[in-house]
Amino acid sequence: MDDDSRVTRRRVGDAEARRANRGWWDTDADDYQAEHGAFLGDVDFVWCPEGLREADARLLGDVSGRRVLEVGAGAAAGARWLATQGAQPVAFDLSAGMLRHAAEAADRTGVRVPLVQADALALPFADLSFDVACTAFGAIPFVDDSAALLAEVHRVLRPGGRWVFSVTHPMRWIFLDDPGEGGLTAVHSYFDRSPYVEQDETGVATYVEQHRTLGDRIRELVGAGFRLLDLVEPEWPEGHEGVWGQWSPLRGRLFPGTAIFVTEKPAG
């Protein structure tokens, strides 16, 4: 955490977080795609800055013929890739700016999927309407009540449905967001759940990201009715020299940057 008074750790409710993050992603969408679009691809499913791709990991299982919901889809590259695998995907996001990039990518590639602007805490879909749900760093870190989000995903999934999501590895919250040596020294308590908040000169939040421990995430999943199948911590691959925010070869070779939770809604 730097010393700028506009960066802090404080409690933020869902309404303030929703306003902040919708505004931030709408404003930052162009810069985000300019910086990361080539890495993510137009028709690809990349789980994390380490570069783990669904084409290789197959964490979602066989998606052919299945209705798949991409939660917090951003520019929806993952949903378009799923469509090429025979799935019937729907991509939703809170940000109109990111969905504009999703529409532009559909025009470039000719791969079109339904795009929905929606709040992850109030999914506009019927109960039991999807076979699979997934997100790569979407929605979950940006809401105060992530337990409610998981309950919503559970509601729209059919029994036996898989729910897979990636987030920043919780242990990363111990360190500064520094890809260099400054990011190797622990400065925060792992057990401090106070969100990371960027705010304007009046103290109004402009960006909010939430922290949960590994145990918190597992308890939320179990509480929502999911069964944990796997927890994937991708290793930094040899030859990958890219830097994405606080992700870097230096840090990635020492400790994990991403946690991927592979779960299912029990068939019973």
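Residues numbered from 1 in each chain as written. Predicted model: local features only at pLDDT ≥ 70, side-chain atom pairs only at ≥ 80, totals over all residues. Heavy atoms only, no water.

Student: How would you sum up a nonpolar patch on the surface? Please name residues and give values.
Tutor: Side chains of Leu184, Leu250 and Leu254 sit close together on the surface and give an oily, nonpolar patch of about 250 Å² of accessible area. Among the secondary structure elements, leucine 254 is positioned in the loop between helix H7 (249-252) and strand S10 (258-264). For leucine 254, a relative accessible area of 58% translates into the label exposed. (Patch = residues over 30% accessible without salt bridge, like charges linked within 9 Å, V, L, I, M, F, W, Y side chains within 5 Å. Areas by Shrake-Rupley, 256 points an atom, 1.4 Å probe, with all protein chains shown as cover. Salt bridge = Lys/Arg side-chain N within 4 Å of Asp/Glu carboxyl O. Helix = DSSP H or I, 4+ residues; strand = E, 2+ residues; numbered from the N terminus. Buried < 20%, exposed > 50% of the residue type's maximum accessible area, 1.4 Å probe, protein only.)

Student: Quick rundown of the side chain of arginine 212? Include the residues and the values.
Tutor: Inspection of the secondary structure assignment puts arginine 212 in the loop between strand S8 (205-209) and helix H6 (214-224). Polar contacts involving the side chain of arginine 212 include one to the main-chain carbonyl oxygen of aspartate 144, which spans 2.5 Å. Residues in contact with arginine 212, not counting those within four places in the same chain, are Val143, Asp144, Ser146, Pro170, Arg217 and Glu220. (Polar contact = N/O pair within 3.5 Å; in protein donor to acceptor, adjacent residues only side chain to side chain. Contact = heavy atoms within 4.5 Å.)

Student: Hey, could you go over the packing of helix H5 (residues 146-156) against H6 for me, with residue numbers and the actual values?
Tutor: Taken N-terminus to C-terminus, the directions of H5 and H6 make an angle of 40°; their axes are 9 Å apart at the nearest point. Put simply, H5 runs oblique to H6. For the element pair H5 and H6, the recorded crossing hand is right-handed. From H5, Ser146, Ala147, Leu150, Ala151 and His154 reach across to H6, where they touch Arg217, Glu220, Leu221 and Ala224. (Axes fitted to C-alpha atoms, helices over the stretch in contact; angles between N-to-C directions. Parallel < 35°, antiparallel > 145°, perpendicular 65-115°, else oblique. Left-handed = near helix turned anticlockwise from the far one by under 90°.)

Student: I'd love a proper account of the environment of arginine 162, names of residues and values included.
Tutor: You can see arginine 162 is positioned in strand S6 (residues 157-168). Residues arginine 162 and alanine 120, spaced 42 residues apart in sequence, show a C-alpha to C-alpha distance of 17 Å. For arginine 162, the contacting residues outside a window of four places in its chain are Leu59, Leu60, Gly61, Asp131, Val132, Ala133, Leu157, Leu229, Val262, Thr263 and Glu264. In this structure the side chain of arginine 162 is engaged in a polar contact, spanning 2.8 Å, whose partner is the backbone oxygen of leucine 59.

Student: Quick rundown of the nonpolar core? Include the residues and the values.
Tutor: With 26 residues, the main nonpolar core has Leu69, Phe92, Phe125, Leu149, Val153, Trp163 and Phe165 as its most contacted residues. Of all the elements in the fold, those that place two or more residues in this core are strand S3 (88-93), strand S5 (130-136), H5, S6, H6 and S10. Setting aside residues up to four positions removed in sequence, valine 153 forms contacts with Val71, Leu123, Ala133, Trp163 and Phe226. (Core = buried A, V, L, I, M, F, W, Y, C linked by side-chain atoms within 4.5 Å.)

Student: Go over unusual backbone geometry, please, and point to the residues and values.
Tutor: Of note, the phi angle at arginine 58 is positive, near 50°, even though the residue is not glycine. Take arginine 58: it is sitting in the loop between helix H2 (54-57) and strand S2 (67-70). Owing to a relative accessible area of 40%, arginine 58 belongs among the partly exposed residues under this scheme. Even without being a glycine, alanine 139 presents a positive backbone phi close to 65°. Its place among the elements puts alanine 139 in the loop between S5 and H5.

Student: Requested: an account of empty space enclosed by the protein, with residues and values cited.
Tutor: Per the stated rule, a full pass over the model turns up one cavity of 30 Å³ or more. One number sums up the size of the largest cavity: a volume of about 90 Å³. Lining the largest cavity, in full, are Phe137, Pro141, Val167, Thr168, Pro170, Trp173, Glu209, Gln210, His211, Arg212 and Arg217. Residue composition of the lining of the largest cavity, by class: five nonpolar, three polar and three charged. (1 Å grid on protein atoms, 1.4 Å probe; cavity = no way out; pocket = protein on both sides within 12 Å on 5 of 7 lines; lining within 4 Å. Points joined across faces, edges and corners; volume = space filled by probe spheres on them. Nonpolar A, V, L, I, M, F, W, Y, C, P; charged D, E, K, R; others polar.)

Nothing here speaks to function; it is all geometry.
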